[in-house]
Amino acid sequence: MRRSPFGVKPKFSVRVNGSEALAARLVRVEDWGSILGGDAYVIQRGLVIQQGMVETATADGSIAWVVSSGAGDRQLVEKAEDHELWIAPNHLQDAQPGSTP
């Protein structure tokens, strides 16, 4: 399986809020630290629970802070809580590879 320099895995079948159309335009990110400053969807068990900018992530990439696009609220997201970060491929250029805190 090919990997990009951002640690992004190729998209796979998932329904996001019941919409396969939205999911078809997104890719799941494994290395959360690789997309700092980029826009992402926070998905938990197939549902989008937030959309915003990945502000920071732990060095091991298991926890991230995401700032909401709307109200500017911050949310702590954790892989251990079944959170996933998904991005649109066109947002890859907005990310800052290798800039984990």
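Counting restarts for each chain: residues are numbered from 1 in the order of the written sequence. Totals for whole chains, interfaces and linings use all residues, but because this is a predicted model, local features are given only for residues with pLDDT of at least 70 and pairs of side-chain atoms are given and counted only at 80 or more. Note that the side-chain values use all heavy atoms of the structure and ignore hydrogens as well as water.

Peer 1: Is there a simple way to think about the environment of D31 in this case?
Peer 2: Each helix is a run of DSSP H or I of at least 4 residues and each strand a run of E of at least 2, with the numbering of both proceeding from the N terminus. The topology assignment puts D31 in the loop between β1 (27-29) and β2 (39-44). Separated by 28 residues in the primary sequence, D31 and A59 place their C-alpha atoms 9.8 Å from one another.

Peer 1: How do you make sense of the pairing of strand β5 (residues 74-78) when you look at a structure like this?
Peer 2: A regular strand places its side chains so that they alternate between the two faces of the sheet. What makes two strands pair is DSSP finding at least two bridges between them. Bridge count between strand β4 (residues 63-68) and β5: five bridges; the pairing is antiparallel. Across the sheet, the residue bridging to W65 is L76, located in β5.

Peer 1: Looking at this structure, how should I read unusual backbone geometry?
Peer 2: As a rule of thumb, non-glycine residues mostly have phi less than zero, and peptide bonds are mostly trans rather than cis. For R45, which is not glycine, the phi torsion reads 55 degrees and is therefore positive. Following the sequence through the fold, R45 ends up in the loop between β2 and β3 (47-57). A positive phi is found at D82, a non-glycine position, where the angle reads about 65 degrees. Secondary-structure assignment places D82 in the loop between β5 and β6 (83-87).

Peer 1: How do you make sense of the pairing of β3 when you look at a structure like this?
Peer 2: Bridge count for β2 against β3 is six bridges, and the pairing is antiparallel. Within the sheet, the bridge partner assigned to V42 lies in β3 and is Q50. The hairpin formed by β2 and β3 contains two residues between the paired strands, and R45 there has a positive phi angle of roughly 55 degrees. Across five bridges, the pairing between β3 and β4 is antiparallel. Within the sheet, the bridge partner assigned to V54 lies in β4 and is V66.

Peer 1: What is the right way to look at the pattern of salt bridges in this model?
Peer 2: The rule for a salt bridge is simple: a side-chain nitrogen of Lys or Arg has to be within 4 Å of a carboxyl oxygen of Asp or Glu. The full count for this structure, using the stated rule, is four salt bridges. The closest approach of N and O atoms between R28 and E30, which form a salt bridge, is 3.0 Å. Relative accessibility decides the category of a residue: with a 1.4 Å probe and only protein chains considered, values under 20% of the type maximum give buried, values over 50% give exposed, and everything between is partly exposed. You can call E30 partly exposed: its relative accessible area is 26%. R45 is the salt-bridge partner of D82, the closest N and O atoms lying 3.1 Å from each other. Of this pair, D82 sits in the loop between β5 and β6 while R45 sits in the loop between β2 and β3, placing them 37 residues apart in sequence. A relative accessible area of 61% places R45 in the exposed class.

Peer 1: Explain the environment of E55 here, please?
Peer 2: Position of E55 among the secondary structure elements: in strand β3. Residue classification places E55 among the partly exposed residues on the basis of a relative accessible area of 36%. E55 sits eleven residues away from V66 along the chain, and the two C-alpha atoms are 5.6 Å apart. Residues count as neighbours in contact if any of their non-hydrogen atoms are within 4.5 Å of one another. With sequence-adjacent residues up to four places away left out, E55 is seen in contact with L36, W65, V67 and R74.

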